[in-house]
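# Reading the structure
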Amino acid sequence: MTVFDRLEAVFPPDRVITDPVRLRTYECDGLTYHRATPMVVVLPETAEEVAAVVRACAEFGVPFVARGSGTGLSGGALPRSDGVLIVTSRMRRILSVDLDRRQAVVEPGVTNLAITEAVRDRGYYYAPDPSSQQICSIGGNVAENSGGAHCLKYGFTVNHVQALEIVTPDGEIVEISEDDFGYDLLGAFVGSEGTLGIATKITVRLMRAPESVTTLLAAFETIEAGGQAVSSIVGAGILPAAIEMMDALAIEAAEAAVACGYPADAGAVLIVELDGPAPEVESQLAEVIAICVATGSFEQRVAASADERAKIWKGRKSAFAAVGRISPAYIVQDGVVPRTCLGEVLAGIDALQDEFGIRVANVFHAGDGNLHPLVLFDDTAPGEGERAEVVSGRILDLCILHGGSITGEHGVGVDKARYMPRMFTDADLDTMQRVRCAFDPGGRSNPGKVFPTPRLCGEVPRVRKGSPGEIF
Ligand SMILES: Cc1cc2nc3c(=O)[nH]c(=O)nc-3n(C[C@H](O)[C@H](O)[C@H](O)COP(=O)(O)OP(=O)(O)OC[C@H]3O[C@@H](n4cnc5c(N)ncnc54)[C@H](O)[C@@H]3O)c2cc1C
């Protein structure tokens, strides 16, 4: 008996994929330079089926990896050639919507945007809005604790998930909720990148759509001036729904791809969105425009219609893909710095461009200091890919040096595991792995991700003197 026999006993043939050509579809996520062909792919339709796969993996000592839509940018859903890839794309039902309680219960394969679309007519929405929201799954959002442009004001996925049904790595189906007493297991699971089990049902908070929304595009000659405007807006006590910035190279790419009509001669554009009661939005808009002018903005455009608003956002939301128009290959980086250090870090990135002869386009959630430098290279030019990789790592060093983080929202996955020791001590990493071991002592749930060196869960790291056997 093998794990294949067990899976074939549970699933119809069209939901167990072993054909080598079809398996290749699942070789990578949005980070295409890490690839592996899974041993087998299964397409469950219920939590019980997910549990059956996970139990089969436990029985045969086989690792498993969950996959939603595969848009992750850190190789989190990279399969294992010796493991089972559990794809949630057939778990796409919105199970219930309860507007009195302002919540929806959904399956993990439901796309982020589908939740908003299900309640928009009734004046509600789901707040976290990754730029990939048309295709990324809510299960992937939970695993990555995904953010988006509007997380500055409304928070990340963790602030909008109220309860989860999960399949634990030994195949049990359990529920965890923000109402539970004791340890915050829900908080531990959100952002755990598939290493603590698989979410099979997700209860999300729904928000009332704001009475008024207004979107401003402000153009600056330099990115420093745009950065100064961001500091002044926040310093004035205004909390916009979003403040996004793009530099000249990112503007050029977006313009080439989607003709979003940003001022062609701008060194930086700032998108500021304000929402709330209409009179408040109106007075804040006047204040924000005045700040932008005072900090050197040479053009301000306020979207006059939903179409104009959509056009402004189109440029920003398509920026990652758009960069493909001006560079054959690029690395999407994701780092965080305190907002007050934005100027210094951007100057550091500029210096790296000159030192290595590599272009970097900057797109960022300016309000919360979450940078997405896009490190451009030509993969046919000898050595250029390696130089881009060095620049990418040096950008993360800059973030750490300024008290920031190696990831804001794309996660660690397989790609950034090697950077974890730059940010955390051995003791930090050991503590995190012990949480993981509590959920997954067999180390079968998405192994090889997040941590540079896996810890054997049976290991006793140190024994406190005088207390034989006591682990601390
Ligand atoms: C163009 C583009 C723009 C993006 N913009 C943003 C952005 O603005 N903000 C942002 O935060 N991210 C962004 N991302 C990254 C990505 O879309 C998010 O990380 C998203 O949450 C991944 O969802 P997914 O369904 O594609 O997950 P996948 O890529 O399939 O998986 C991601 C991780 O989640 C785990 N996983 C998947 N489903 C489950 C489950 N049910 N239970 C447990 N673990 C699971 C996987 O094992 C993996 O570790 C962007 C990506 C692209 C390509």
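Everything that follows concerns the structure shown earlier in this document.
Structure report, in brief. (Residues numbered from 1 in each chain as written. Predicted model: local features only at pLDDT ≥ 70, side-chain atom pairs only at ≥ 80, totals over all residues. Heavy atoms only, no water.)

Here we take up the nonpolar core. Ranked by internal contacts, the top residues of the largest apolar core, which has 43 residues, are Leu270 and Leu371. The element best represented in this core is helix H13 (residues 342-356), accounting for six residues. Apart from the residues lying within four places of it in its own chain, the contact partners of Leu270 are Leu216, Leu217, Ala218, Phe220, Gly226, Ala229, Val230, Ile243, Glu244 and Met245. (Core = buried A, V, L, I, M, F, W, Y, C linked by side-chain atoms within 4.5 Å. Buried < 20%, exposed > 50% of the residue type's maximum accessible area, 1.4 Å probe, protein only. Helix = DSSP H or I, 4+ residues; strand = E, 2+ residues; numbered from the N terminus. Contact = heavy atoms within 4.5 Å.)

Counted by the stated rule, this structure contains zero aromatic pairs. Here the guanidinium or amino end of Lys317 rests over the ring plane of Trp313, the centre of that ring lying 5.7 Å away. (Phe/Tyr/Trp six-rings, centres within 6.5 Å; stacked < 30°, edge-to-face > 60°. Lys NZ or Arg CZ within 6 Å of the ring centre and 35° of its normal.)

This paragraph deals with the pattern of salt bridges. One pass over the full model with this rule turns up 20 salt bridges. The partner of Glu59 in a salt bridge is Arg6, with the nearest N and O atoms 2.3 Å apart. Pair noted here: Glu59 is in helix H3 (residues 47-60) and Arg6 is in helix H1 (residues 3-10), with a separation of 53 residues, a long-range link. Residue classification places Arg6 among the partly exposed residues on the basis of a relative accessible area of 27%. Close ionic contact of Glu244 with Arg316 constitutes a salt bridge, the shortest N to O distance being 2.7 Å. With Glu244 in strand S13 (residues 242-247) and Arg316 in helix H11 (residues 306-317), the pair connects residues that are 72 residues apart, well separated along the chain. Pair check on accessibility: Glu244 and Arg316 agree, each one buried. A network of salt bridges, in which partner residues are shared, links Arg15, Glu45, Glu49 and Arg90. (Salt bridge = Lys/Arg side-chain N within 4 Å of Asp/Glu carboxyl O.)

What follows concerns the layout of surface pockets. To locate leftover empty space, one rolls a probe as large as a water molecule over the atoms. Roughly 500 Å³ of volume is contained in the second largest pocket. Gly191, Ser192, Glu193, Val412 and Val450 are, among the 26 residues lining the second largest pocket, the residues nearest its centre. Going through the elements one at a time, helix H7 (185-189), helix H15 (420-423) and helix H16 (426-439) are the ones with two or more residues in the lining of the second largest pocket. At three residues, H16 tops the list of elements feeding residues into the lining of the second largest pocket. Partitioned by chemical class, the residues of the lining of the second largest pocket number 13 nonpolar, nine polar and four charged. (1 Å grid on protein atoms, 1.4 Å probe; cavity = no way out; pocket = protein on both sides within 12 Å on 5 of 7 lines; lining within 4 Å. Points joined across faces, edges and corners; volume = space filled by probe spheres on them. Nonpolar A, V, L, I, M, F, W, Y, C, P; charged D, E, K, R; others polar.)

It is worth spelling out the site of the ligand at this point. Near the ligand lie 32 residues; those nearest to it are Ala66, Thr71, Ser132, Ser137 and Ser146. Measuring from an oxygen atom of the ligand, one finds a backbone N or O atom of Gly76 at 3.2 Å. In this structure, an oxygen atom belonging to the ligand sits 2.9 Å away from a main-chain N or O atom of Gly147. Summarising the interface, the protein chains cover 94% of the accessible area of the ligand, which totals 980 Å² for the free molecule. Those elements that provide at least two residues to the shell around the ligand are strand S3 (64-67), helix H5 (138-144) and strand S10 (198-205). Counting residues per element, the shell around the ligand draws most heavily on H5, which supplies five residues. Along the lines of polarity and charge, the residues of the shell around the ligand split into 10 nonpolar, 18 polar and four charged. Each of two domains, domain 1 (3-87) and domain 2 (94-208), supplies a minimum of three residues to the shell around the ligand. (Near = heavy atom within 4 Å. Polar contact = N/O pair within 3.5 Å; in protein donor to acceptor, adjacent residues only side chain to side chain. Areas by Shrake-Rupley, 256 points an atom, 1.4 Å probe, with all protein chains shown as cover. Domains from an automatic or database assignment.)

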